[in-house]
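Summary of structural features
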Amino acid sequence: MVYAVNCQVQGDTLHCGALYLEPLIPFKSIRLAYEAASVMVELPDELVNQAEPFRSWSIDLPLADV
């Protein structure tokens, strides 16, 4: 499960005011839906298959090439 709040597309990145990722997410690209939009983002390698939940305040994630 992924929770993201206060998201805005800024150029080729998605800025999230807060992000929570459950552990063991096996995918590098994930889809985030917010308001009336849905975007694919690339997770950094260190966030793929991590053993612990990840929490962040104010993070920028690159948009995935689809």
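To keep things clear, this report deals only with the structure shown in the data block. Keep in mind the model is a prediction, meaning the values are calculated, not measured.

Another point: the sheet that holds strand S2 (residues 13-21). What the three strands build is an open sheet, ordered S1-S2-S5; its pairing is antiparallel. On the outer flanks of this sheet lie strand S1 (2-10) and strand S5 (54-62), each paired with one strand and no other. Here the strands of the sheet are splayed against their neighbours by 15° on average, with no regard to which way each runs. Taken together, the eight bridges between S2 and S5 define a ladder with antiparallel strand orientation. Looking at S5, one finds that Cys16 is bridged to Ile59.

Moving on, we come to the pairing of S2. Bridge analysis of S1 against S2 gives eight bridges, and the strand direction is antiparallel. By the bridge assignment, Val5 is partnered in S2 with Ala18. Connecting S1 to the antiparallel partner S2 that follows it, the hairpin turn spans two residues, and Gly11 within it adopts a positive phi of roughly 70°.

Here is what the cut-offs are and how they apply
- Residues numbered from 1 in each chain as written.
- Predicted model: local features only at pLDDT ≥ 70, side-chain atom pairs only at ≥ 80, totals over all residues.
- Heavy atoms only, no water.
- Pairing = 2+ DSSP bridges.
- Helix = DSSP H or I, 4+ residues; strand = E, 2+ residues; numbered from the N terminus.
- Axes fitted to C-alpha atoms, helices over the stretch in contact; angles between N-to-C directions.

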